[in-house]
Amino acid sequence: MVLCYSFALLKMLVGLFCYQNFVAGLQDYNSTLEHSNVSISSNVDTNRFCSSKRWKPIENRTLEKRCCKLAYKDFSKYWYQGGYYLTDFLAILKTWKCPEYINECSNPLFNYNDFTKAVYTQSCSYNTFRGDCYPTLCNLLQKRFPDYKCPSNISHSSWMEMKNNLTTTLFTPPIPACVQVAMYDNANSVDLGKYHELATVFLPFCGVVWCGISISAVGQQAMSFWTCMDGRAKATVLVVMFVLVVLSIVITLTNGCVVAVFLRNKKLQNSQGIYKLSLSTADFIIGLIVLPSFAISMYQIATRSRNSNSTYDGGRNHSSTYSKYVIRTGLGRFEDTFDYPYVQAVGFFTTLSLAASVYSLTLASLDRLAVVRRPFSYNMDDAKAFSVKAVVLMWIFAVIFSLLPFFVGTLRFGFVASIMMASAGPLAMYLYIAALLVPLLVMWAATIATCYYTFRHARDRVSEDFAMEKGLARTLVTMVGVFTASLLPSVLALLGSIFLTGIRYGSPGALDQTLAAAFISYEFVAVMILVCNSSWNFIIYNARNQSFKEGTKQLFFDIRRGVQGESSHTSQSTI
């Protein structure tokens, strides 16, 4: 479980912790440096200078090349987190005559879907773009306006006439990719500052979702990924959300039954029963809160509207007075998708439930080891009293561990493995090792030792006692084994994140788009397998523990009798 946290944190820390936006509007306070012999030595000065010149040629070629490298580095590193626009990026490189622009046109590094392909064509071969997009745009306008007649030839004036219709036309998504780019082309002169892009890679089974739309064409001055997702991607999101809701219901009900059975049956209220009750409580939280948060998070990523009320002139009408700028903030940042209270609440309950699960299994393993290692000195009443105290202290520690990001400045909650929330920050890895990895190792060691002592002492026990202890040992081994098997996919994902090349979106030069998209989806599946471990204990208890099985039957019988009695009472009242 901690390993699942670790591999995802390695992937997300660079992006969410170090994020900056290159295309922020800044005052051209240092433009005189361009014509002087003064060098810009600090990264801050270089950032400010290049930002202030992003739409204008730079006469000092040395500084211009530095700006090219800076723009290219920032975009390459952070594009997948949202807020970076490929249209603006290529336009800036083209304005500065960057060598990187020539390379991008010959070998487009960010060509991930139809939209990005159209962006490259529009920037690198405008006439080709106009010719390719003309039939699509003409057909779309004719569907929107039945009386509209497309120009007979593709001239500059006829193309401008068609583009002008984009500023006042409301289209029904999905909008063809070349039309999306034509909106940007039109925004340069007519609808300045009202064009926005959205990009994400964090929706499992959807690959790279990237689009650009003018807010004049979608209305209500709002955008979401749902606006530009195709039918297959939308169906995928809905199916995944449905599966998450079903799993949430199953895990909540099964663990609720486990808690009820243990509380109702005194025969089960021994030390092992206390630890199993603690484990089921943690799993109940996973079903009730954590899994629904996965579905809610997917829904918000896909459908949450991005505010696009603010516009800007892109720096084209450059003024020496900074206060005259109307700045547009880039949309689609992954970190802006979720409200802060939501992130904090989900992060707390996710960390709490997973930590409590690990601690409960560890305590149960140590308790069973104590029985088989020193059976004659083991007292059941003392063990039960100790288990109550241990569980209370364990939950207190789990709560404190889960609250650390609220009070420690170097820790925070962030999304990992697409939809799973966990603590992140410079100290997170050390905390996970101390608070989760060590208990996991203790649990596995105690389970192995339990098996060893159980069979080693077999000859010294009467057959009835040995059969009972053997059964309890097998139940524990089964629980730990299922948990370990559920953890294995996350371990493989961790190893993959370390050793696989081509899966890091922040290194587009080495990116294998197919492999990276498959890895994002595999991360999601690994997390699902991990949390679904919460539903297996109900099956294990019914298969391995006769008292629990009888208690479950009695619980269902009482529930059915109560429902029938209520129904009969309602019928009599009606009569």
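This text goes with the structure placed above it.
Residues numbered from 1 in each chain as written. Predicted model: local features only at pLDDT ≥ 70, side-chain atom pairs only at ≥ 80, totals over all residues. Heavy atoms only, no water.

**Student:** Report on the overall build of the chain, specifying residues and quantitative values.
**Tutor:** If you tally the helices and strands in the chain, you get 20 helices and six strands. Looking at the 575 residues of the chain, the share that counts as buried comes to 53%. Counting contacts in the chain only where the partners sit at least 6 residues apart, residues at least 24 apart contribute 74% of the total. Of the accessible surface of the chain, which amounts to about 26,200 Å², a share of 61% is contributed by carbon and sulfur atoms. (Helix = DSSP H or I, 4+ residues; strand = E, 2+ residues; numbered from the N terminus. Buried < 20%, exposed > 50% of the residue type's maximum accessible area, 1.4 Å probe, protein only. Contact = heavy atoms within 4.5 Å. Areas by Shrake-Rupley, 256 points an atom, 1.4 Å probe, with all protein chains shown as cover.)

**Student:** Kindly report on the pattern of salt bridges, identifying the contributing residues and their values.
**Tutor:** The full count for this structure, using the stated rule, is four salt bridges. Put simply, R61 and E64 hold a salt bridge, and the shortest N to O gap is 2.4 Å. Within this pair, R61 and its partner E64 are both found in helix α3 (residues 61-78), separated by three residues, close to a single helical turn. Under the relative-accessibility criterion, E64 is labelled buried at 6%. (Salt bridge = Lys/Arg side-chain N within 4 Å of Asp/Glu carboxyl O.)

**Student:** How would you explain the environment of L441 if you had to name every residue and give the values?
**Tutor:** One can find L441 in helix α16 (residues 428-456). Given a relative accessible area of 49%, L441 falls into the partly exposed group. Linking L441 and T362, residues 79 residues apart in sequence, is a C-alpha distance of 8.9 Å.

**Student:** Before we move on, could you go through the state of the cysteines and cite the residues and values that matter?
**Tutor:** Applying the stated criterion to the full structure yields five disulfides. One disulfide bridge connects C68 with C98, the sulfur atoms lying 1.9 Å from each other. Residues C68 and C98 are joined by a disulfide whose S-S torsion is about -80°; by sign, that bridge is left-handed. Here C68, found in helix α3, pairs with C98, found in the loop between α4 (86-95) and α5 (99-106); they are 30 residues apart in sequence, far enough to count as distant. Each member of the pair C68 and C98 is classed as buried. (Disulfide = S-S within 2.5 Å.)

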